[in-house]
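# Architecture at a glance
Here is what each chain is made of, one letter per residue.
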Amino acid sequence: KDGIAVSVPDRERGGQKPERLRIIDWAEPGQNDFLLVSQLSAVGNLYTCRPDLVGFVNGLPWLVVELKARQ
């Protein structure tokens with residue numbers, strides 16, 4: 001929520017300087033990138049998983065939804 005501490009080049013003084021990288025813009029949600037993907041395959045060493053929906057915010061997976069068929 002408060003971001004991630006990173007080190008970036010200091011172009012004015014040289015070297016590095018600490019900055020806080022904010023991954024999610026909580027103040028202005030419309031500034032974030034949202035993506036909903038259907039049937040995304042995730043391949044691993046043990047098995048392949050294909051959830052029905054995966055929701056991404058700024059490229060990070062935040063939501064995984066499995067929808068079951070009615071019987």
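Here we summarise the structure given alongside this text. (Residues numbered from 1 in each chain as written. Predicted model: local features only at pLDDT ≥ 70, side-chain atom pairs only at ≥ 80, totals over all residues. Heavy atoms only, no water.)

Attention now moves to the pairing of strand β1 (residues 4–9). Of the strand pairs in this sheet, β1 and strand β2 (residues 16–21) are connected by 6 bridges, and their pairing is antiparallel. When the sheet's bridge partners are listed, V6 is paired in β2 with E19. (Pairing = 2+ DSSP bridges. Helix = DSSP H or I, 4+ residues; strand = E, 2+ residues; numbered from the N terminus.)

Neighbouring strands of a sheet are bound in pairs by backbone hydrogen bonds; such pairs are parallel or else antiparallel. One open sheet holds the 3 strands; their spatial order is β3-β6-β7, and the pairing between them is antiparallel. Looking along the sheet, the strands with just one partner apiece sit at the ends: β3 (34–38) and β7 (60–65). Pairwise comparison of adjacent strand axes, ignoring direction, gives a mean angle of 20 degrees for this sheet. Bridge count between β3 and strand β6 (residues 53–57): 5 bridges; the pairing is antiparallel. Counted as the bridge partner of S38 is L53 from β6. (Axes fitted to C-alpha atoms, helices over the stretch in contact; angles between N-to-C directions.)

This paragraph deals with the pairing of β6. Each regular strand displays side chains that alternate between the two surfaces of the sheet. Among the 5 residues of β6, 4 are classified as buried, and the element is accordingly described as predominantly covered. Bridging between β6 and β7 involves 5 bridges; their strand directions are antiparallel. Note on β7: the bridge partner recorded for G55 is L63. Here β6 folds back onto β7 in antiparallel fashion, the turn holding 2 residues, of which N58 has a positive phi close to 55 degrees. (Buried < 20%, exposed > 50% of the residue type's maximum accessible area, 1.4 Å probe, protein only.)

Geometric descriptors of this kind do not, in isolation, establish any biological role.
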